[in-house]
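# Topology and contacts: notes
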Amino acid sequence: QVQVVESGGGLVQAGGSLRLSCAASGSGFIRINTMAWYRQAPGKQRELVARITSGGTTNYDDSVKGRFTISRDNAQNTVYLQMSSVKPEDTAVYYCNADVGTALRYSQTYWGQGTQVTVSP
């Protein structure tokens, strides 16, 4: 079994910073491939925020370029999203997504349960 758990969400004032963490774990062998952050605001579709491959290649949605940074710690199977210069429009539930290889499957996508980020004006 594989679990993906987010943490670090909360309230932050516009212009401030927040750091989200996502840890993947399993009962047996796991290999973490691509990891990504998505977000979903009320009344909107879930959208990709940032993605990072196992080799460290990153890509970002245009709305967060220059403000957010995605990184990973392979030893801890953890991905981070450093959010800086946040805006009220960044308010959303943020979801971690991880492509995970196990002894049984080469790769399968897993989702975290989400963490709320609220940016006040």
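Our subject in this report is the structure included herewith. (Residues numbered from 1 in each chain as written. Predicted model: local features only at pLDDT ≥ 70, side-chain atom pairs only at ≥ 80, totals over all residues. Heavy atoms only, no water.)

One pass over the full model with this rule turns up one aromatic pair. Residue placement shows R31 over the ring face of Y106; its charged tip is 4.9 Å from the ring centre. In this structure, R46 is placed above the aromatic ring of Y95, and the distance from its NZ or CZ to the ring centre is 3.7 Å. (Phe/Tyr/Trp six-rings, centres within 6.5 Å; stacked < 30°, edge-to-face > 60°. Lys NZ or Arg CZ within 6 Å of the ring centre and 35° of its normal.)

Moving on, we get to the state of the cysteines. For the structure on display, the rule yields one disulfide. Between the sulfur atoms of C22 and its disulfide mate C96 the distance is 1.9 Å. Disulfide C22-C96: torsion about the S-S bond near -85 degrees, hence left-handed. Here C22, found in strand β3 (residues 18-26), pairs with C96, found in strand β9 (residues 92-102); they are 74 residues apart in sequence, far enough to count as distant. (Disulfide = S-S within 2.5 Å. Helix = DSSP H or I, 4+ residues; strand = E, 2+ residues; numbered from the N terminus.)

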